[in-house]
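If you want the building blocks of each chain, they are given just below.
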Amino acid sequence: MKAISVQQPWAGLLVLGIKKCETRSWNTKFRGKIAIHASAKMPKEGEALLKELCELLPDTFFKGSRAYNMCTVLGCVLGRVQVEDCRSTNDMKPVNAGEKMLGDFSANRYYWWCINPEAYLTPIPAVGQLSIWEWEDNQERV
């Protein structure tokens, strides 16, 4: 199965279905199911976003909750989504304010429209790679 490494908490937000657009500096022709791998480190921007999510959605994001745990695990494949489309941010369809908060929609970038999120029961340790890479999928889903 194809896979992509995404920094936290954005990787967790994708497999939870909270985030539907993955923004990148590069375009892809890939369409279909792709595993979401949480990178080995969480950037300071990710820590700040997670803190903001805990304040905005305290019933969903709190230490020990499934959402919080999914957005903090590092170096693991968390689940998968289906890439349905990839578009330029220059020709953007309307995206809600919440989605804009979760991605970089600045000019000359791309957003991948992701549907059908599936979280694995247990994150699977894996070493990520740049770009789209191959990963063996053999995990139960919720």
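Every value quoted in this text rests on a predicted model; they were computed, and no experiment measured them.

### Focus on the overall build of the protein
No. 1: Helix and strand content of the protein: four helices and six strands.
No. 2: The C-alpha radius of gyration of the protein comes to 14 Å, within 12% of the 14 Å expected for a compact globule of 142 residues.
No. 3: Along the longest, intermediate and shortest principal axes, the C-alpha atoms of the protein span 40 × 35 × 25 Å.
No. 4: Burial analysis of the protein (142 residues in total) assigns 46% to the buried set.
No. 5: The contacts of the protein with a sequence gap of at least 6 include a subset with a gap of at least 24, amounting to 78%.
No. 6: Summing over all exposed atoms, the protein offers an accessible surface of approximately 7,500 Å²; the carbon and sulfur share of this is 52%.
No. 7: Here the protein holds 18 positive side-chain charges and 16 negative ones, and the gap between their average locations is 2 Å.

### Regarding the environment of A67
No. 1: Relative to the helices and strands, A67 resides in helix 3 (residues 66-70).
No. 2: C-alpha separation for the pair A67 and L16, spaced 51 residues apart in sequence, amounts to 7.3 Å.
No. 3: The residues contacting A67, other than those within four sequence positions of it, are L16, T60 and F61.

### Quick word on the packing of aromatic side chains
No. 1: Summed over all chains, the structure comprises three aromatic pairs.
No. 2: An angle of 80° between the planes, with centres 5.1 Å apart, marks the rings of W26 and W112 as edge-to-face. Taken together, the positions of W26 in the loop between strand 2 (21-24) and strand 3 (32-38) and W112 in strand 5 (residues 110-125) put the pair 86 residues apart, joining distant regions of the chain.
No. 3: You can call W26 partly exposed: its relative accessible area is 25%.

### Overview of a nonpolar patch on the surface
No. 1: A cluster of nonpolar side chains, contributed by L56, L57 and M101, occupies part of the molecular surface with about 260 Å² of accessible area.
No. 2: On the accessibility criterion, L57 (38% relative accessible area) is partly exposed.

Rules used in this analysis
Per-chain numbering applies: the sequence of each chain, read as written, is numbered from 1 onward. It should be noted that, the model being predicted, local features are given only for residues of pLDDT at least 70 and side-chain atom pairs only at 80 or more, the latter also being counted only at that level, while totals for whole chains, interfaces and linings use all residues. Side-chain figures throughout are based on the complete set of non-hydrogen atoms in the structure, without hydrogens or water. Secondary structure follows DSSP: runs of H or I at least 4 residues long count as helices, runs of E at least 2 residues long count as strands, and numbering of each begins at the N terminus. Just to be clear, the radius of gyration here is over C-alpha atoms, and the globule rule we use is 2.2 Å times residues to the power 0.38. Categorising residues by exposure relies on relative accessible area from a 1.4 Å probe, with only protein chains included: less than 20% of the type maximum marks a residue as buried, more than 50% marks it as exposed, and the intermediate range marks it as partly exposed. In this description, contact between two residues means that some pair of their heavy atoms is separated by no more than 4.5 Å. In these tables, accessible area is a Shrake-Rupley quantity obtained with a 1.4 Å probe, and a residue counts as shielded only by the protein chains included in the view. We count Lys and Arg on the positive side and Asp and Glu on the negative side, and we leave His and both chain ends out. Charge positions are represented by NZ for Lys, CZ for Arg, CG for Asp and CD for Glu. In this scheme Phe, Tyr and Trp rings, the latter by its six-membered ring, pair at centre separations within 6.5 Å, and the angle between planes marks the pair as stacked below 30 degrees, edge-to-face above 60, and tilted otherwise. Residues forming no salt bridge and having over 30% relative accessible area are the ones grouped into patches, like charges within 9 Å of each other and nonpolar side chains (Val, Leu, Ile, Met, Phe, Trp, Tyr) within 5 Å. Salt bridges are counted wherever a side-chain nitrogen of Lys or Arg sits within 4 Å of a carboxyl oxygen of Asp or Glu.

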